[in-house]
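# Tertiary structure, described
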Amino acid sequence: MPTELVLFSDRAPTADTLARAAADAHPDGSLLEFHDGLVRQVVDAQGRGLLSVWTSRPVVDRFHVAASAARAPQEFTLWTDLTIPFGDPTAGRAVAEQLAALVGGVVRDRI
């Protein structure tokens, strides 16, 4: 089962920010973009997916946030879905946490 996460922030992660996070957390990885950047994926040197990052969207309903993410914060305005594909989630989680640090946000588990 893939690991599903949410990045809460006030700034949407850009391709450049994600590339920087990937380089910091997993230096031998690469960044791929699909559907004109709507989906971005960090892969390792063998091409295995580490982290998929979907388009950010505004937090409209705080109830939805609280019902969808563990320990959901109240102060952020954007929601970005993240998925760590099958396998060991360690490297993908490290990229997600680095991405959150770069955009001033927090990563939470989807529930």
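A brief look at the structure comes next. Just so it is clear, the model here is predicted, and its values are computed rather than measured.

### Focus on the packing of aromatic side chains
Per the counting criterion, the structure on display carries one aromatic pair. For the ring pair Phe-8 and Trp-79, a centre distance of 5.3 Å and an interplane angle of 85 degrees mean the geometry is edge-to-face. Within this pair, whereas Phe-8 is found in strand β1 (residues 3–9), its partner Trp-79 is found in strand β6 (residues 78–84), the two being separated by 71 residues in sequence. For the pair Phe-8 and Trp-79, a shared accessibility class is recorded, and that class is buried.

### Let's talk about the packing of helix α1 (residues 15–25) against helix α3 (residues 90–103)
Across the interface, α1 lies against α3 with an axial gap of 8 Å and an inter-helix angle of 130 degrees. Relative to α3, α1 is oriented oblique. Between α1 and α3 lies a crossing whose hand is right-handed. Between α1 and α3, the residues in contact are Thr-17, Leu-18, Arg-20, Ala-21, Ala-22, Asp-24 and Ala-25 and Ala-94, Val-95, Gln-98, Leu-99, Leu-102 and Val-103, respectively.

### Section: the pattern of salt bridges
Per the stated rule, a full pass over the model turns up six salt bridges. With a shortest N-O distance of 2.7 Å, Asp-81 and Arg-110 are connected by a salt bridge. With a gap of 29 residues between them, Asp-81 in strand β6 and Arg-110 in the segment after β7 (106–109) connect regions that are remote in the sequence. Taking relative accessible area as the criterion, Asp-81 reaches 14% and is therefore assigned buried.

The rules behind the values
Residues numbered from 1 in each chain as written. Predicted model: local features only at pLDDT ≥ 70, side-chain atom pairs only at ≥ 80, totals over all residues. Heavy atoms only, no water. Phe/Tyr/Trp six-rings, centres within 6.5 Å; stacked < 30°, edge-to-face > 60°. Helix = DSSP H or I, 4+ residues; strand = E, 2+ residues; numbered from the N terminus. Buried < 20%, exposed > 50% of the residue type's maximum accessible area, 1.4 Å probe, protein only. Axes fitted to C-alpha atoms, helices over the stretch in contact; angles between N-to-C directions. Parallel < 35°, antiparallel > 145°, perpendicular 65-115°, else oblique. Left-handed = near helix turned anticlockwise from the far one by under 90°. Contact = heavy atoms within 4.5 Å. Salt bridge = Lys/Arg side-chain N within 4 Å of Asp/Glu carboxyl O.

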